[in-house]
Each structure stands twice: as C-alpha cells, then as structure tokens.
There are 2 protein chains.
Amino acid sequence: MFPPSLRSLIEGLARLPGVGEKTATRFALFLVTAEEDYVRLLGEQIQGLSSSIRPCHRCGFLAQVRSPDEPPLCSICADNHRDRSQLCVVGRMQDLLAIERSGAFRGRYFVLSKLLSPLDGVGPADLPLEALARRVHEDGVREVILATPPTVDGEATALLLARELRPQGVRVSRIASGVPHGGDIEYADQITLGRALEGRQLIE
Amino acid sequence: MFPPSLRSLIEGLARLPGVGEKTATRFALFLVTAEEDYVRLLGEQIQGLSSSIRPCHRCGFLAQVRSPDEPPLCSICADNHRDRSQLCVVGRMQDLLAIERSGAFRGRYFVLSKLLSPLDGVGPADLPLEALARRVHEDGVREVILATPPTVDGEATALLLARELRPQGVRVSRIASGVPHGGDIEYADQITLGRALEGRQLIE
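These numbers come from a predicted model, not from an experiment.

> Looking at this structure, I do not really get empty space enclosed by the protein. What am I missing?
To find the voids left in a structure, one rolls a probe of water-molecule size over its atoms. Overall, the coordinates contain 1 cavity of 30 Å³ or more when judged by the stated rule. There is about 40 Å³ of room inside the largest cavity. Taken together, L13, L16, L31, L42 and I46 of chain A together with L13, L16, L31, L42 and I46 of chain B make up the full set of residues lining the largest cavity. Counting only elements with at least two residues in the lining of the largest cavity, the list comes to α3 (36–47) of chain A together with α3 (36–47) of chain B. Broken down by class, the residue content of the lining of the largest cavity amounts to 10 nonpolar, no polar and no charged.

> Whenever I open this one, the nonpolar core confuses me. Can you help?
Note that soluble globular proteins tend to have their nonpolar side chains buried in a common cluster. Judged by nonpolar contacts, the single largest core of 74 residues is most densely connected at L6 and F61 of chain A together with L6, L31 and F61 of chain B. Looking at this core, the element that brings in the most residues is helix α2 (residues 21–33) of chain B, giving 6 residues. Contact partners of F61 of chain B, with chain neighbours within four places excluded, come to M1 and F2 of chain A together with R54, P55, C56, C74, I76, M93, L96, L97 and V111 of chain B. One finds L129, L146, L160 and V170 of chain B within the second-largest nonpolar core, a separate group that totals 19 residues.

> Explain the pairing of strand β4 (residues 108–111) of chain B to me, please; I cannot follow it from the model alone.
Both faces of the sheet carry side chains from a regular strand, because those side chains alternate between them. Going residue by residue along β4 of chain B, you find R108 and F110 of chain B tucked away on one face and Y109 and V111 of chain B tucked away on the opposite face as well. In the classification by handedness, the crossover that spans strand β3 (residues 86–90) of chain B, the intervening helix α6 (residues 93–102) of chain B and the parallel β4 of chain B is right-handed.

> Teacher, can you tell me more about the state of the cysteines here?
The term disulfide refers to a covalent linkage connecting the sulfur atoms of a pair of cysteines. Residues and elements named next belong to chain B. Under the criterion given, the structure shown has 0 disulfides over all chains. The closest cysteine sulfur to the non-disulfide-bonded C56 is located on C59, 3.8 Å from its own sulfur. There is no disulfide at C77, and the cysteine sulfur nearest it, in C59, is 3.7 Å away. According to the relative accessible area criterion, C77 is buried, its value standing at 6%.

> Where do I start with the domain arrangement of chain A in this structure?
The figure often quoted for interface size is the accessible area lost as the parts come together. Per the domain assignment, the segments of chain A are domain 1 (4–47) and domain 2 (80–176). For domain 1 of chain A versus domain 2 of chain A, the distance between C-alpha centres works out to 36 Å.

> What exactly am I supposed to notice about the relation of the copies chain A and chain B here?
Put simply, the second copy of the chain is the first one after a rotation about an axis and a shift along it. Rotating chain A by 180° about the axis while translating it 0.0 Å along that axis superimposes it on chain B, leaving an RMSD of 0.0 Å. Taken together, the turn and the small shift mark the pair as related by a two-fold rotation axis. Nearest to the rotation axis, the C-alpha of G43 of chain A is located 2.1 Å from it, this being the minimum over chain A. Comparing contact sets, 100% of the residues at the interface of chain A also lie at the interface in chain B, consistent with an isologous, same-surface contact.

> Could you clarify how one ought to interpret the environment of G140 of chain B in this entry?
Residues and elements named next belong to chain B. By the secondary structure assignment, G140 is in the loop between α7 (129–139) and β5 (143–146). Judged by its relative accessible area of 43%, G140 is partly exposed. For the pair G140 and R163, spaced 23 residues apart in the sequence, the C-alpha separation amounts to 18 Å.

> When you look at the interface of chain A and chain B in this model, what are you seeing that I'm missing?
Opposite the 49 residues of chain A that make contact, chain B presents 49 residues. Regarding the contact of chain A and chain B, the summed buried area is about 4,600 Å², with carbon and sulfur atoms giving 72% of it. Along the contact surface separating chain A from chain B lie 2 salt bridges. R15 of chain A is paired through a salt bridge with E35 of chain B; the nearest N and O atoms lie 3.8 Å apart. Where chain A touches chain B, the interface holds 12 residue pairs in polar contact (both at pLDDT 80 or more).

Conventions and cut-offs
Residues numbered from 1 in each chain as written. Chains lettered and ligands numbered in written order. Predicted model: local features only at pLDDT ≥ 70, side-chain atom pairs only at ≥ 80, totals over all residues. Heavy atoms only, no water. 1 Å grid on protein atoms, 1.4 Å probe; cavity = no way out; pocket = protein on both sides within 12 Å on 5 of 7 lines; lining within 4 Å. Points joined across faces, edges and corners; volume = space filled by probe spheres on them. Helix = DSSP H or I, 4+ residues; strand = E, 2+ residues; numbered from the N terminus. Nonpolar A, V, L, I, M, F, W, Y, C, P; charged D, E, K, R; others polar. Core = buried A, V, L, I, M, F, W, Y, C linked by side-chain atoms within 4.5 Å. Buried < 20%, exposed > 50% of the residue type's maximum accessible area, 1.4 Å probe, protein only. Contact = heavy atoms within 4.5 Å. Right-handed = clockwise from strand over helix to strand, strands pointing away. Disulfide = S-S within 2.5 Å. Domains from an automatic or database assignment. Least-squares fit on C-alpha atoms with pLDDT ≥ 70 in both. Buried area = accessible area lost by both parts, 1.4 Å probe. Salt bridge = Lys/Arg side-chain N within 4 Å of Asp/Glu carboxyl O. Polar contact = N/O pair within 3.5 Å; in protein donor to acceptor, adjacent residues only side chain to side chain.

So, in structure tokens, the structure goes:
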C-alpha cells in the first residue's frame, strides 16, 4: 500500500537496533510529514557518516575527520590532561562510553572492536595485538586495565592480552567481577557469587 | 566526547517519535559501524523523501512521485477495483492505515490532515472542505463515512463535515463508538458506556 520508495525506507529503518517494522513505519511516516529542512539535513548527516567519522588512529574510538591527510584523532586521545600511563582496553565503543559516564577513569583507552570467539571464527590473529603493543610501548604505559566483559569470550581475550603484554614489563590488571551495586545476593548466580568471594578484599 | 558530526546526528535522530537521547546514541553508534552501502543508501532515501513522496492529489495519502508533471496518485486511488461510491474521511494517514489493516473497508479515502481545534487555532477555514466537496461530486460518492476519532476535536470535525456534505445530497455516516472488542465493561469510562448504550442495535 505504501509507495515503493517509502517501503524501502521502512526496510532500511527496520535494521536499526531494537526497531521492528511497526516502529520503522512510525519513523517513516514522521519523516514524510516532518519539516523538509530537518529531514534533508538528517539524510545528509547519515549519508556523510562514513566520510566524516573514522576510528581514531590511536585508540579505535570515534574521531571527526578534519582533513584527508590528517590521521583521525578522537577527543580523548587529543586531551593532554588525561593520564597516559594508564590504558584501559575495552571490547566495544559502547563499553568505553559506559566507563566514561562512570567518571571513574582518567587514563586513555584502546578499543579492540572484537573479542576472541572460536565459535565465530575470531582467533588471536584477528585481534589488533600489534597495535596495542605499539601503543603501550610508545606511550610509556605503566598499567593496562583489561575491561573486556566478564563473559567466556571476554575472559579468554583478557587472558590472551595479559599473556602478550606482561613480557613487555607492563602491569596488567583486570576489572573486578562480583555482585553489582544494589544487587541481591539471594538472586546472584553461582559464578558471580564465586567471583565475588574470590575477589574479596580486606577491610583495613 | 563524541565528534561534532556524530553529536548533531544524535540530535537529529532524537527527534524521531519515541526516541530519546539514549536510543538516538544507540542508533548513531550502529550506523557508524554498519555496512557503508546500507548507511549511504539510508541517508539518500531520507534525503530524497520530500522529492520522491508527495500527498496524493485526490485523497492526501502518500504517493510516489513518477514525474514532475504528473500529479501524484496513491495506490488506493489508482486501484480501480475499489468502490468509488464510498468515501471514508480520516484525520491522519495513520488512521487510514489502521482501517486498511482491518480489511473492513473497500471504498476510498480522504485524509483531512488536521481536525478542528479551537485551542490550536484550527478553524473551519483550515480544513480542506472544498477539495472534499469536489471529490464527492466528481466521484459520484453516495456515502461519506466519517472516521475522525471519537474525541472532542474529532467529533466537532465530524459535525462540521456532516453539515457541509448533507446539502450535497450524499449520505453521511459516523463510525460507531462503544466498548472495544475484548474490553471490560466494568472498567469502561462513562462516556464510552453512554455511547455504547446510545448506539445499541436490535438483534434480529
């Protein structure tokens, strides 16, 4: 019933995360009746995304492209007030954002973009191990904090990275895993409780 | 923390209905890492929306623009199997879509795009009364079904349209209002129950 170009727009919008056909239709009907300037600008922004945003050449986070000759540098790597000696390794950009929101870390990051995953055919050769080692060496990093998720893939990746980095003479730590803040001990799963006990700290 | 062009994209996406900053950020991060061809096409589709889709010149529903000289015609108005003698007047395109999904109507539509609303400054002069009268006359419509919503604005609009159309010698009807299918009589509001009783029909 919809005109062809609206139908293909709905299909495209339905690929957004968490958006089904119904929500995509709602978005499309909104766009088709919205202010023309806004819609045109939104389309331009999406279309130009791949040329305006690139992974930061140092950490892999998002960086604005300023000129084609200049390697893209994100705002975190460009910030000289941040501690170069601490490097936090995350699996995905979203995890970096969550840690930034917590305000608990003032060092710099390294985004792996993928985790070891034998089932999906991701092996050690697919991880940016060399770039990470170069980064640690060049920046004189003293501590690498492994903030990959406490899942099978995340733990395997953390173990691999620790094995690769320790010979470089750098401290390698792993973020704590345990019962989350506000969480219920009664309903915590066995593995979480096991980790919470294992990772207990002395109250001094 | 985000590069400027990503930040403005997030602002644009956050104007979509039901989308807040968090969801907009999720969409933007998805787009920035998604397949380039898909993202570029999506941007193009949004950008070209206002030139590829126009209101149907007969009913106001969405129509594909085929050439700049040809007035846009929607798939419902173009369908000769549909009954020209019944015209269903709706407030919004979304209402037309809901009636189409029900499969209960095989005539044609007229989309008002707005309802009488003294509070928002929408008076009779703002409604497409002339276009509607022309449509009724030209198509030889025998019944106009008023499917504006059973709200204050929708009822006022229906009354106005009935008053305008009846002198043209056309039957004017109003969709029934009552307790919805599967609804609970105990929890139905007074006005709905009043309408359900008023609109009762003999069981023969």
